[in-house]
2 protein chains.
Amino acid sequence: MSRIDAIVVGAGISGLTAAWRLAQAGKRVRVLEANDRVGGRTLNHRFTSGEVVEVGGQWVGPTQARILGLLNELQLETFPLWNQGDNLTLFGGKLKSYRGTIPRFAPHVLLDVLQAQVRLDRLAKQIPLDDPSRHPRAGEWDRMTFAEWIRRSLKTGQGRQVLELVSGAVFAAAPHDLSFLHVLFYIRSGTDLDTLLGVANGAQQDRILGGSQRICEELAARLGDAVRLGQPVRALRQDEAGVELLTDSASHQSARVIMAIPPTLLLRITQEPLLPGWRDQLLQRLPQGAVIKCMALYETPFWRARGLSGQATSERGPVRLTFDNSVPGSSKGVLMGFIEGDEARQWSAAAADERRAAVLECFARYFGAEAQQPREYVDQCWADEPFARGCYAALFPPGLWSNGAARLRQPVGRLHFAGTETATRWMGYFDGAVQAGERAAAEVLALD
Amino acid sequence: MSRIDAIVVGAGISGLTAAWRLAQAGKRVRVLEANDRVGGRTLNHRFTSGEVVEVGGQWVGPTQARILGLLNELQLETFPLWNQGDNLTLFGGKLKSYRGTIPRFAPHVLLDVLQAQVRLDRLAKQIPLDDPSRHPRAGEWDRMTFAEWIRRSLKTGQGRQVLELVSGAVFAAAPHDLSFLHVLFYIRSGTDLDTLLGVANGAQQDRILGGSQRICEELAARLGDAVRLGQPVRALRQDEAGVELLTDSASHQSARVIMAIPPTLLLRITQEPLLPGWRDQLLQRLPQGAVIKCMALYETPFWRARGLSGQATSERGPVRLTFDNSVPGSSKGVLMGFIEGDEARQWSAAAADERRAAVLECFARYFGAEAQQPREYVDQCWADEPFARGCYAALFPPGLWSNGAARLRQPVGRLHFAGTETATRWMGYFDGAVQAGERAAAEVLALD
């Protein structure tokens, strides 16, 4: 047996990036992945007619230099999300279409939403990305939920609904799940609200040819048999000599370990010595968001012929947010919808055919009766995934940052922490996953 | 091997009560306890001079019929907490003494606190104990933290500080950790605020002779070799044939299992089939409170000679709440203090001697310089306990009850759920632990 320098737990973007950087630096690495596939919270789905779509994370956009660099390195191509035609909004009981980025809300609603955006961006700009709790007003903002801020700061019911939709779209969570300080951090971490929410020039601008899971497939191909699938780590023991990881069937030893899994899953690995109490307590307070990603494949993107972009935002669920997720080289059309937060938990408990019916009814509400008759339908409830237990990422409730959540990035003995939740830039996104993976790899390399 | 009818996981009050009720009904039971002791979140400590005190839960009081009935059944005696003399408050920078239950706040502060108490009690009375989300205003209250309600409803800074102290004392958590709906539920679950907070006629009225861990010791003695210590359950598998539980060294089979452990620890047991996604998501959102219970033993209860009760409440930490925890039959005195919530996490990370010094400084602030020189000192950081990971109990953040938390009491196949967090009456207390244990046992018995 050859000695292993570092084991990475989790073959998502963050873990594989860390492993690849270590391998490039000449380290002997091993990656232990619990699932029988790589990809983490990215996952491709192939319709029977051949179109590959993503039922997990899928987008990249401007200001995401790290993931764009990695795509370049891996020779993966991007293409823009379909973004032509009119968008739709359903608020105040009325379906309205609009062109560009500003919905046709009543003027007082628009004003309400825009003043909120200006305030959020202005406050977010001040947040120290390495540790939001260093801001002089951090305590005040961290004791408040985003829901409380919305109630205080928006004057119109529709304006508040729009902000709730933003919370769902960005966090897969309700405003009352989130510390207001974390929301400000997240906005700054993702540049600003326009960038976070936008298609053109925003975080939803581009997709990856062949589907986003290809990022991990390409990295895994380079790592070869260093990547071991179907190896859920159950226990971990470290001492002066090294770290031992136990899976159901094997023991793996190395000098260093990089954990690249969601925070809540860290607690499901028995550790010796125990994690310090404060750290366990913080991890108990970092639940995953909840999202069901739903897609229907149609003979054609029929909405385009009617001048629609496929993008809808709505006050009515379960699908409150849609996109045209068709793929290049196919004449077929794909509508994609998100079910988020509370509704994701409710609908993940429903029978699959009921959920399908409810989703298609939403698509039909926005794009017409044709949407009721797809060729195929697929959805993915991320809470049901054994080694994700939710998406997009962990949520920071009130008090977490003030209680030292920035220290969750710090190593514990021989354990280092990657995963997009430990990123300072684009936390929760692919770009953050890359940043975290590269930072953790650098920590290990610096120990030599 | 004789067949086992039911396995109980966790030898705290709830699990042992469940096991004992099943055994009394003629069932063959086994109890698997992870620690090398019974007691769960109760734990006795013996000072070298022989005094037994409790570093975990310790009190019983009126309206707690179930635990009082069990004590009677087990022939355990109670004695009142020392409650004579003047209490102290330190608010607004001033240490004041008062007799009875109403501190000598300035009139406008007193009025502010009392109007809040009246409103909380009035709203709490309306909450359906079996499922708070059935209240017509549950959605509104569950989207709000207790912190938001305090900011809205109290007009004075000192009044707010008092409510924060209440939050720490009752939940071992900050107001921003808690759904306002949950706070209302908890008040009703514990009768009303006076009962929840009181010594005389309240939840802090009586202690158990020999220490509260004796409850579990007595139950375990009756169960004999059915109780197996040092058996942390790592994995659980159920199918039509039964349930199999795996510990580090053994496999245990039975027809039914009662889980009597804190919610967050349920997620640390690998389950097959997986828990449903919605259920995992809710458990991810039920962290344990954080508390350090601190006690100093003195030659005499010197504060009594100065007319003091040993009870202090304070705006200054780390110890903001103290009691005289001396025991009958000893001439020595015991001061007890609580460090709660954020401060408990911070101080559990500190060196033991620094924590001791900080606690004794608090005791001296309230009771004089003599408090700096105890014969012995002991404290217990519950976040550091591997099979508790926090105390007193799980905290319900915004959205949990509305997302179906009441359904966490429902069985999952052959799994039934006890533990004080599944109680409707006196959740979080011994009495709730007994109710939950008896309810879970009754579920299993009803299946015959």
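Criteria and thresholds
Residues numbered from 1 in each chain as written. Chains lettered and ligands numbered in written order. Predicted model: local features only at pLDDT ≥ 70, side-chain atom pairs only at ≥ 80, totals over all residues. Heavy atoms only, no water. UniProt positions renumbered as here; feature names shortened; annotations may be inferred. Pairing = 2+ DSSP bridges. Helix = DSSP H or I, 4+ residues; strand = E, 2+ residues; numbered from the N terminus. Axes fitted to C-alpha atoms, helices over the stretch in contact; angles between N-to-C directions. Contact = heavy atoms within 4.5 Å. Buried < 20%, exposed > 50% of the residue type's maximum accessible area, 1.4 Å probe, protein only. Lys, Arg positive; Asp, Glu negative; His and termini not counted. Salt bridge = Lys/Arg side-chain N within 4 Å of Asp/Glu carboxyl O. Polar contact = N/O pair within 3.5 Å; in protein donor to acceptor, adjacent residues only side chain to side chain. Domains from an automatic or database assignment. Buried area = accessible area lost by both parts, 1.4 Å probe. Nonpolar A, V, L, I, M, F, W, Y, C, P; charged D, E, K, R; others polar. Least-squares fit on C-alpha atoms with pLDDT ≥ 70 in both. Patch = residues over 30% accessible without salt bridge, like charges linked within 9 Å, V, L, I, M, F, W, Y side chains within 5 Å. Areas by Shrake-Rupley, 256 points an atom, 1.4 Å probe, with all protein chains shown as cover. Charge placed at Lys NZ, Arg CZ, Asp CG, Glu CD. 1 Å grid on protein atoms, 1.4 Å probe; cavity = no way out; pocket = protein on both sides within 12 Å on 5 of 7 lines; lining within 4 Å. Points joined across faces, edges and corners; volume = space filled by probe spheres on them.

As annotated in an unreviewed UniProt entry, chain A carries the name Flavin monoamine oxidase family protein and is attributed to Pseudomonas cavernae. Recorded under Cofactor (unreviewed entry), the UniProt text for chain A is reproduced unchanged: "FAD". On record in UniProt, under Sequence similarities (unreviewed entry), the comment for chain A is "Belongs to the flavin monoamine oxidase family."

A few words now on the sheet that holds strand E16 (residues 308-314) of chain A. Residues and elements named next belong to chain A. Across the sheet, seven strands lie side by side as E7-E6-E16-E17-E18-E15-E19; this open sheet has mixed pairing. A strand with exactly one partner marks an edge of an open sheet, and here the two such strands are strand E7 (94-98) and strand E19 (376-381). Geometrically, the sheet is characterised by an average inter-axis angle of 20° between neighbouring strands, direction not taken into account. Of the strand pairs in this sheet, strand E6 (residues 86-91) and E16 are connected by four bridges, and their pairing is parallel. Paired with Leu-88 across the strands is Ala-312, a residue of E16. On top of the sheet, helix H6 (residues 157-171) reaches E6, E16, strand E17 (321-324) and strand E18 (333-340); it is set at about 120° to E6, its chief contact. Taken strand by strand, helix H13 (residues 341-348) contacts strand E15 (291-298), E18 and E19, and its axis lies near 105° from that of E18.

Residue and element names in this part refer to chain B. Counting through the fold element by element, Glu-51 comes out in the loop between strand E3 (44-46) and strand E4 (52-54). Nearest to the buried, unbridged Glu-51 among oppositely charged side chains is Lys-332, at 4.3 Å. For Glu-51, the side chain forms a polar contact with the side chain of Ser-49, separated by 2.6 Å. Apart from residues no more than four positions distant in its own chain, Glu-51 is found in contact with His-45, Arg-46, Leu-297, Val-327, Ser-330 and Lys-332.

Residue and element names in this part refer to chain A. With domains assigned, chain A is organised as domain 1 (4-41 + 213-275 + 412-445), domain 2 (44-62 + 78-83 + 203-209 + 289-384) and domain 3 (104-196). Centre-to-centre, using C-alpha coordinates, domain 1 lies 32 Å away from domain 3. At the interface, seven residues of domain 1 touch twelve residues of domain 3. Taken together, both faces of the contact between domain 1 and domain 3 bury some 710 Å²; the carbon and sulfur share is 56%. The largest contributions to the domain 1 side of the interface with domain 3 come from Thr-424, Trp-426 and Met-427, which together make up 63% of the buried area. Taken together, the connections running from domain 1 to domain 3 amount to zero salt bridges. The tally of links between domain 1 and domain 3 comes to six residue pairs in polar contact (both at pLDDT 80 or more). By residue class, the composition of the side of domain 1 that touches domain 3 is four nonpolar, two polar and one charged.

Residues and elements named next belong to chain A. The feature "binding site: FAD" (unreviewed entry), as annotated in UniProt, sits at Ser-14, Glu-33, Ala-34, Val-233 and Glu-421 in this numbering. Within the fold, Ser-14 resides in helix H1 (residues 13-24). Of the residues examined, Ser-14 reaches a relative accessible area of 5% and is grouped as buried. Residues within four places of Ser-14 in sequence aside, it is in contact with Ala-260, Ala-418, Gly-419, Thr-420, Ala-433, Ala-436 and Gly-437.

Turning next to the relation of the copies chain B and chain A. Here two copies of a chain appear, and what relates them is a rotation about an axis with a shift along it. Under the fitted operation, chain B is carried onto chain A by 0.0 Å of movement along the axis and a turn of 180°, and the coordinates agree to an RMSD of 0.0 Å. Classification of the inter-copy transformation places it as that of a two-fold axis. Among all C-alpha atoms of chain B, that of Arg268(B) lies closest to the rotation axis, at 2.2 Å. A shared interface surface links the copies, since 100% of the contact residues of chain B are contact residues in chain A too.

Residues Arg119(A), Arg122(A), Lys125(A) and Lys155(A) make up a contiguous surface patch of positive charge. Looking at the secondary structure, you find Arg122(A) in helix H3 (residues 107-124).

This part takes up the environment of Glu299(A). All names here are of chain A. Take Glu-299: it is sitting in the loop between E15 and helix H12 (302-305). In this structure the C-alpha to C-alpha distance between Glu-299 and Phe-185, which are 114 residues apart in sequence, comes to 42 Å. In this view, Glu-299 contacts Ser-331, Lys-332, Gly-333 and Arg-375; residues no more than four positions away in its chain are not counted. Of note is the side chain of Glu-299, whose polar atom sits 3.1 Å from the side chain of Arg-375.

For the structure shown, the criterion picks out eight cavities of 30 Å³ or more. Considered as a void within the structure, the largest cavity measures approximately 250 Å³ in volume. Taken together, 18 residues make up the lining of the largest cavity; nearest its centre are Arg285(A), Pro397(A), Asp177(B), Arg285(B) and Pro397(B). Looking at the lining of the largest cavity, its residues break down into ten nonpolar, four polar and four charged.

So, on to the sheet that holds strand E2 (residues 29-32) of chain A. Residue and element names in this part refer to chain A. Across the sheet, which stays open at both edges, the five strands sit in the order E9-E2-E1-E13-E20 with parallel pairing between neighbours. Lying at the two open borders of the sheet, with one neighbouring strand each, are strand E9 (227-228) and strand E20 (415-417). Bridge count for strand E1 (residues 6-9) against strand E13 (residues 256-259) is four bridges, and the pairing is parallel. Looking at E13, one finds that Val-9 is bridged to Met-259. Together, E1, E2, E9 and E13 form the strand contacts of H1, whose direction differs from that of E2 by roughly 170°.

Glancing now at the interface of chain B and chain A. In this complex, chain B contributes 41 residues to the contact, which on the side of chain A involves 41 residues. Counting each side, the surface lost to burial between chain B and chain A is near 3500 Å², with a carbon and sulfur contribution of 43%. Across the chain B-chain A interface, the total number found is six salt bridges. Arg151(B) is paired through a salt bridge with Glu148(A); the nearest N and O atoms lie 2.5 Å apart. Our count for the contact surface shared by chain B and chain A stands at 30 residue pairs in polar contact (both at pLDDT 80 or more). Of all the secondary-structure elements, those providing two or more residues to the side of chain B that touches chain A are helix H5 (146-153), helix H11 (277-284) and helix H13 (341-348) of chain B. Examining the composition of the side of chain B that touches chain A, we find that six residues originate from one element, H11(B), more than from any other.

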